[in-house]
Amino acid sequence: MNYRHIFHAGNFADVFKHIVLTRVIAYMQRKDAAFRVIDTHAGCGVYDLSSERAQKTGEWRTGIARLLAAADTAPADVAELIAPYLNCVRALNEGEAVKLYPGSPKIARMLARKQDRLTALELHAEDFETLHTHFEGDIQVRATNLDGWLAIKSHLPPKERRGVVLVDPPFEVYHEFFNILTALKEGHKRFATGTYLLWYPVKHRKGIAEFREELRASGIPRILDTTLEVRGSGEDVRFDGSGVIVVNPPYTLESELRTILRWLTPVMEMKQGSGNFAVNWIAGE
């Protein structure tokens, strides 16, 4: 496995995915009962955007850096909704300059209450070592060097019986869509009441259409599909946007995403008028 997220940390896809994650966590915390976040492809936990690898691509400059620069222009309702996410980013940095970026497990841990738990799984040896060191001694976190696809069978259902499962694979191979479908079907059999966040790149349009049809045919209810595209599709296969499938979404999430994305899309788009967003139901009740 060659994928290293440090080259992409803090890009527009991270911004979108992590805003969705924070909105789901905020809803889960409306109840006092504990819940567990299971991150199947956890990465390093925290990313140094000043590192040579991050600087090589500089993707964060058109992601989190652009959002921070525009944050003061956000309408009050949008500002309130994205505040938990931005608070996590700002807590790791001084002023508005961003040097460190929190990955999904770090965000989940920063938002966790004393009763909440995090399971962070990472297969890449070097990334896992960084992840494990970061959370070492934290009794609310269990970091495991394990293939995230195996976690669906071995970690569900969580003992808390409430949970969020984040599946965020690297998409180094085309059949990741199949892996996601297989994991969701297996996970839903074991933990039908869990909330699943399944990230995918808007890149191979034919594959995405087939993926959505397979989700529709799965018989799993309550599947919300949301996308943020920073540019329109072209003749070449390229990374045009980011999508998140949410199974068992909070009832508030659809309207929250429409509010956020209406403002966020012009902020993230590559050039004026090139971006778009969608929030659609693949399956209802």
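Residues numbered from 1 in each chain as written. Predicted model: local features only at pLDDT ≥ 70, side-chain atom pairs only at ≥ 80, totals over all residues. Heavy atoms only, no water.

A. Inspection of the side chain of arginine 36 at higher detail. Here arginine 36 lies in strand β1 (residues 36–39). Given the relative accessible area of 12%, arginine 36 is considered buried. In this structure the side chain of arginine 36 is engaged in a polar contact, spanning 2.9 Å, whose partner is the side chain of glutamate 160. Discounting residues that sit within four places of it in the chain, arginine 36 has contacts with Arg117, Leu118, Thr119, Pro158, Lys159, Glu160, Arg162, Gly163 and Val164. (Helix = DSSP H or I, 4+ residues; strand = E, 2+ residues; numbered from the N terminus. Buried < 20%, exposed > 50% of the residue type's maximum accessible area, 1.4 Å probe, protein only. Polar contact = N/O pair within 3.5 Å; in protein donor to acceptor, adjacent residues only side chain to side chain. Contact = heavy atoms within 4.5 Å.)

B. Broad picture of the pairing of strand β6 (residues 163–167). In terms of burial, β6 is a largely internal element, five of the five residues being buried. Burial along β6 is two-sided: Gly163, Val165 and Val167 and Val164 and Leu166, pointing in opposite directions, are all buried. With four bridges joining them, β1 and β6 adopt parallel strand pairing. Bridged to isoleucine 38 within β6 is valine 165. Here β6 runs beside strand β7 (residues 195–202); their pairing, made up of four bridges, is parallel. Bridged to leucine 166 within β7 is leucine 197. Tracing the backbone out of β6, into helix α8 (residues 176–190) and back to the parallel element β7 gives a crossover that is right-handed. (Pairing = 2+ DSSP bridges. Right-handed = clockwise from strand over helix to strand, strands pointing away.)

C. The environment of glutamine 272, seen in detail. By the element assignment, glutamine 272 lies in the loop between α10 (253–268) and β10 (276–283). As for glutamine 272 and alanine 108, which are separated by 164 residues in sequence, their C-alpha atoms are 33 Å apart.

D. Here's a closer look at the state of the cysteines. With the rule as written, the count across this model stands at zero disulfides. No disulfide involves cysteine 44; its sulfur sits 18 Å from the nearest other cysteine sulfur, which is in cysteine 88. For cysteine 44, a relative accessible area of 12% gives the class buried. Exposure remark for cysteine 88: the relative accessible area of 4% places this residue in the buried category. (Disulfide = S-S within 2.5 Å.)

E. Representation of the environment of aspartate 225 within the structure. Along the chain, the position of aspartate 225 falls in strand β8 (residues 223–229). On the accessibility criterion, aspartate 225 (5% relative accessible area) is buried. Here the alpha-carbon distance between aspartate 225 and proline 157, two residues 68 residues apart in the chain, equals 23 Å. The contacts of aspartate 225, once residues within four sequence positions are left out, are Tyr200, Arg212, Val244, Ile245, Ala278, Val279, Asn280 and Ile282. At a separation of 2.7 Å, a polar atom in the side chain of aspartate 225 contacts the side chain of tyrosine 200.

F. Main features of the packing of aromatic side chains. Evaluation of the coordinates by the stated rule reveals seven aromatic pairs. Both rings, one in phenylalanine 12 and one in phenylalanine 239, keep their centres 5.2 Å apart while their planes meet at 35°; by these two values the pair is tilted. Residue phenylalanine 12 is located in helix α1 (residues 12–28), and its partner phenylalanine 239 is located in the loop between β8 and β9 (241–247); the two are separated by 227 residues in the primary sequence. A relative accessible area of 6% means that phenylalanine 12 is categorised as buried. In this structure phenylalanine 239 comes out as partly exposed when scored by relative accessible area, which is 27%. Note on tyrosine 200 and phenylalanine 211: the rings are 5.7 Å apart at their centroids and 70° apart in plane angle, and the pair reads as edge-to-face. Here phenylalanine 211 lies in helix α9 (residues 205–217) and tyrosine 200 lies in strand β7, a separation of 11 residues in the sequence. Each residue in the set Phe171, Phe177, Trp199, Tyr200 and Phe211 is aromatic and connected to the rest through ring pairs, giving one cluster. (Phe/Tyr/Trp six-rings, centres within 6.5 Å; stacked < 30°, edge-to-face > 60°.)

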